Amino acid sequence: MLISKVSIKNYRNFQNFKIELGKFNLIFGENNIGKTNFINALEGILNPTRSFKSFKIEESDFIDIHKPIIIKIKFQSIDEDNELINILEDGIIDPEMNYSAKLKFIAKWNPEEKDIDKDCFFIKKEMSDDNGKFNFKYAYRRLFHFYSIPSMRWARKEIRMDKKSDLMNVINYYLPNFIISFSLLKKGLQEILLSLKEDLISVEFPNSVITDLDHLIKLLNQEFKIDEENKLKSLKTDREKVFAKIKEIFSNNSFEKGQIDLIDDLFNKFNEKLIIFEKRFETQRILSDLKKRFSDLNSFKNLQNDFSVIIEKIMPNIKLDLSFVSIQDNELLKKALIEIDDFPILAHGTGFQSYFVIALKLLKINSMLNRQDIKSSFIAIEEPEAHLYPHLQRQLIENLRVIQNEFESRYDIKFQFIITSHSSNILSRFEFPELILLRKNENFYTESIHFPEIRILIDDLELAEEEYKSKVGKLNKSLIRVFKGIFTFYPEAFFSRCIILGEGSTEEGAIPEYARTMNKNFDLFSISYISLEGTGNLKYYKTILKRLNIPFISIVDKDDNDVKDFLSDDEFITKEKAFEAEIISKVPCYKLLDVLISLCSDKTIENYYNIIKNELSLTNEVNNFGECINFFKEHLEYEDVLKKILKPWIIRQKGLTMGKLLGEISELEEIPEIYKEVINKAVEKTKS
């Protein structure tokens, strides 16, 4: 079973929010966009341990207090053997729509009571929402097993041995008979024998057998001291005799198969518990011996005696008994030590602890599903990147896929993962159809944007029919290449409030540095730069970004005649023929020389020095390239002729590193005016 669609109205930052989900989903977007609100809404309704009435909604959660909060959840792929098929009324599950069902939650502000009225129900397919409803009872919640793993994951909290910790929950599932007290285990054996006795009386078994069972019950009523192994042996021997006698009577008389199966089941339960009872008795005997050995140490006796002297002075008539070894074996599990690479988990960094807690929570979910014989679960993981370095972030996503596939193939258990994140490393490990981008619309409410299919993007290009037919294959490949390029090299662009599309990597290095010089740091305004690697890709980037509702502006070189005829307010063109020419026209030569000495090899720099010295007839003034820099800083009369020499060298070294170096050394007045306009326009767009 999957959650396929969710719609939310009038709740927090969701005015009229709709989202579609698949098996593996990433919901991503900038901070404070509503990712946690979305998970909280689902958990508030579907948490299997609480009623939807405990879903905490306050007056401030309503966008308009006069209207209700409405949350609709559509489920699909409900297995035909799922309990829901038998529980829900006819007309709620729609077999024609992939076995789907719709759940509706309503919260209304009650002005008289100053409180919130809540209701939750399934909707019948053939009736209107509120007329054909079937109440969502608490008993049904376990069938919609939604579990949330929050972003704050502390191993210390989850491995402590209390009832609420994940580790205790897992131990309670796998080792239930080892965490209860020895006396409770013994009581469980008695209860099985009492049930067996009642069943045998109901089918008129001989009184001698009933008397033998009473004898076993009395044996279990006794105290089993550590040194009384004979009682345990007697219990085992007498149990074998009684059970053998019961089986013999069953084999020689006619009884219904159901009665025989019932008795066999009780036999098996008793034998399983008796084996555990025997092991725990032996464990307690070993612990008792260990305690005695420890107490016999002279140093321990001295501690006991000296402590007793002080205690008797302060607390007369009190007998002191020190013990550092517990003989209660169930206490051992409450002191569990978990190690990774021979070190306790709490000695590791928060990254490994976070990774471990996610694994522990998944194990807990699996144990809960097995306990209730449930075959599907919705698992939300908030910010899996928390405390993890990039490689581990990406690997975690791959591991979750493996878990999802293996559990479905091996155990027929279906996990639906709903992951929220604002990490570009996480983003890079998802396929296009798995991605859901959250952005604010023009009214500043959150909306979801699903990544479009390539055929839709091609339609957006609005080609003539003949051109479409002749170029569809090439366009398809080009759009996929551009899309993958964004994911590979610019995944942070999907979190941006504005994107600058520029021609090359030199601009990519320089423009963010220009923005810093202008006190308009791109990170502060969530602006990203994308290198087009040629203006031919511009139309593809524009088409994709428009579909994703990500604001953008573009700047291209003057030498591109294809674009200058249709420039809009969001499109710019350089004054010079290329970005490098813009820089050379504004930046002093000594700074350009300083950049070259950082980029070029010693041999190249020596050649450049000789060329400059010969071209400008600098015989005695400079002796090396470094002295050239200082010389031209003082002699600006060489600027024009020197720039002609430097221009091909600068163009030859163009690229990301050169752009960054040039951007770093540029003063405000040395930034080309066109790029100031671009930066100011981008900042303006982030505020609109």
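Residues numbered from 1 in each chain as written. Predicted model: local features only at pLDDT ≥ 70, side-chain atom pairs only at ≥ 80, totals over all residues. Heavy atoms only, no water.

## Some thoughts on the overall build of the protein chain
A tally of helices and strands in the protein chain yields 25 helices and 18 strands. Taking 2.2 N^0.38 as the reference for a compact globule, 688 residues should give roughly 26 Å; the C-alpha atoms of the protein chain span a radius of gyration of 37 Å, well beyond that estimate. Counting only C-alpha atoms and orienting by the principal axes, one finds that the protein chain spans roughly 125 × 80 × 55 Å. Taken over 688 residues, the protein chain has a buried fraction of 48%. By sequence separation, contacts in the protein chain at least 24 residues apart represent 71% of the contacts at least 6 residues apart. Of the charged side chains in the protein chain, 99 are positive and 110 negative; the average position of the first set lies 4 Å away from that of the second. (Helix = DSSP H or I, 4+ residues; strand = E, 2+ residues; numbered from the N terminus. Rg over C-alpha atoms; globule rule 2.2 N^0.38 Å. Buried < 20%, exposed > 50% of the residue type's maximum accessible area, 1.4 Å probe, protein only. Contact = heavy atoms within 4.5 Å. Lys, Arg positive; Asp, Glu negative; His and termini not counted. Charge placed at Lys NZ, Arg CZ, Asp CG, Glu CD.)

## Observations regarding helix α9 (residues 257-295)
The end-to-end C-alpha distance of α9 is 57 Å, a good match for the 57 Å that 39 residues give at a rise of 1.5 Å each. Within α9, the full set of buried residues consists of Ile-263, Leu-266, Phe-267, Phe-270, Leu-274, Ile-276, Phe-277, Arg-280, Phe-281, Gln-284 and Leu-287. On its buried face, α9 sits against α5 (176-179), α6 (182-202), α7 (207-221) and α8 (229-252). (Expected span 1.5 Å × (residues − 1).)

## Digging into helix α20 (residues 589-599)
Turning to α20, its buried residues number three or more, namely Cys-589, Tyr-590, Lys-591, Leu-592, Leu-593, Val-595 and Leu-596. Contacts made by the buried residues of α20 are with α19 (579-586), α21 (602-615), α22 (625-634), α23 (639-652) and α24 (656-665).

## Remarks on the packing of α20 against α22
At a minimum axis separation of 8 Å, α20 and α22 run at an interaxial angle of 160 degrees. Judged by the inter-axis angle, α20 sits roughly antiparallel to α22. For the element pair α20 and α22, the recorded crossing hand is left-handed. Of α22, the residues touching α20 (which contributes Tyr-590, Leu-593, Asp-594 and Ile-597) are Phe-625, Cys-628, Ile-629, Phe-632 and Lys-633. Among the residues making up the contact of α20 with α22, the classes are represented as seven nonpolar, no polar and two charged. (Axes fitted to C-alpha atoms, helices over the stretch in contact; angles between N-to-C directions. Parallel < 35°, antiparallel > 145°, perpendicular 65-115°, else oblique. Left-handed = near helix turned anticlockwise from the far one by under 90°. Nonpolar A, V, L, I, M, F, W, Y, C, P; charged D, E, K, R; others polar.)

## Description of the pairing of strand β4 (residues 69-76)
Along β4, six of the eight residues are buried, which leaves the element largely enclosed by surrounding structure. The sheet contact formed by strand β1 (residues 2-11) and β4 spans seven bridges and is antiparallel. Residue Ile-3 lies in a different strand from β4, and its bridge partner there is Phe-75. As judged from the seven bridges shared by β4 and strand β5 (residues 101-110), these two strands associate in the antiparallel manner. When the bridges of β5 are listed, Ile-70 appears paired with Ile-106. (Pairing = 2+ DSSP bridges.)

## Some points on the packing of aromatic side chains
All chains considered together, the criterion is met by 38 aromatic pairs. With centroids separated by 5.4 Å and ring planes inclined at 70 degrees, the aromatic side chains of Phe-28 and Phe-495 adopt a geometry described as edge-to-face. In this pair, Phe-28 sits in strand β3 (residues 24-28) while Phe-495 sits in the loop between α15 (465-489) and β15 (498-502), placing the two residues 467 residues apart along the sequence. Of the two residues, Phe-28 and Phe-495, neither departs from the other in class, the shared state being buried. Aromatic pair Phe-487 and Phe-494: ring centres 4.9 Å apart, planes at 50 degrees, arrangement tilted. An identical accessibility class is assigned to Phe-487 and Phe-494; each is buried. The ring of Phe-430 is capped by Arg-401, whose NZ or CZ atom sits 5.4 Å from the centre of that ring. (Phe/Tyr/Trp six-rings, centres within 6.5 Å; stacked < 30°, edge-to-face > 60°. Lys NZ or Arg CZ within 6 Å of the ring centre and 35° of its normal.)

## Remarks on the pattern of salt bridges
Counted by the stated rule, this structure contains 28 salt bridges. When the shortest N-O distance is used, the salt bridge between Glu-30 and Arg-497 registers 3.0 Å. With Glu-30 in the loop between β3 and α1 (35-46) and Arg-497 in the loop between α15 and β15, the pair connects residues that are 467 residues apart, well separated along the chain. Judged by its relative accessible area of 33%, Arg-497 falls in the partly exposed class. For Lys-245, the salt bridge goes to Asp-212, with nearest N and O atoms at 2.7 Å. Of the two residues, Lys-245 is situated in helix α8 and Asp-212 in helix α7; the sequence distance between them amounts to 33 residues. By relative accessible area, Lys-245 is classed as partly exposed at 33%. (Salt bridge = Lys/Arg side-chain N within 4 Å of Asp/Glu carboxyl O.)

## Notes on a nonpolar patch on the surface
On the surface, Leu-303, Phe-307, Val-309, Ile-310, Ile-314, Met-315 and Ile-318 cluster together to form a nonpolar patch covering roughly 640 Å² of accessible area. Looking at the secondary structure, you find Phe-307 in helix α10 (residues 298-314). (Patch = residues over 30% accessible without salt bridge, like charges linked within 9 Å, V, L, I, M, F, W, Y side chains within 5 Å. Areas by Shrake-Rupley, 256 points an atom, 1.4 Å probe, with all protein chains shown as cover.)

## Some thoughts on the nonpolar core
Core analysis: the biggest nonpolar cluster contains 109 residues, and Phe-38 and Leu-46 have the highest contact counts within it. Excluding its chain neighbours within four sequence positions, the residues that come into contact with Phe-38 are Val-6, Ile-8, Phe-14, Phe-17, Ile-19, Leu-21, Ile-27 and Ile-418. Counting residues in each nonpolar core, the second largest holds 51 residues, with Ala-515, Cys-589, Tyr-590 and Leu-592 among its members. (Core = buried A, V, L, I, M, F, W, Y, C linked by side-chain atoms within 4.5 Å.)

## Some thoughts on the pairing of strand β11 (residues 376-382)
Counting buried positions along β11 yields seven of seven residues, so the element is predominantly enclosed. Side-chain alternation along β11 places Ser-376, Phe-378, Ala-380 and Glu-382 on one buried face and Ser-377, Ile-379 and Ile-381 on a second face that is also buried. Bridge count for strand β8 (residues 146-149) against β11 is four bridges, and the pairing is parallel. Note that in β11 the partner of Phe-146 across the bridge is Phe-378. Across seven bridges, the pairing between β11 and strand β12 (residues 414-421) is parallel. Its bridge partner lying in β12, Phe-378 is registered against Gln-416.

## Here's the deal with the sheet that holds β8
Hydrogen bonds along the backbone pair up the strands of a sheet, which may run parallel or antiparallel. One open sheet accounts for six strands, arranged β8-β11-β12-β3-β13-β14; its pairing is mixed. The sheet is open, and its two borders are formed by β8 and β14 (446-450), each paired with just one other strand. Taken pair by pair, the neighbouring strands of this sheet meet at an average axis angle of 20 degrees, ignoring direction. Set on the sheet, helix α12 (residues 390-411) makes contact with β3, β11 and β12; between it and β12 the angle comes to about 165 degrees.

## A short note on unusual backbone geometry
One non-glycine residue, Lys-114, lies in the positive phi region at around 55 degrees. Along the polypeptide, Lys-114 turns up in the loop between β5 and β6 (115-123). You will see that Glu-533, though not glycine, has its phi angle at about 55 degrees, which is positive. Here Glu-533 is to be found in the loop between β16 (527-531) and α18 (538-547).

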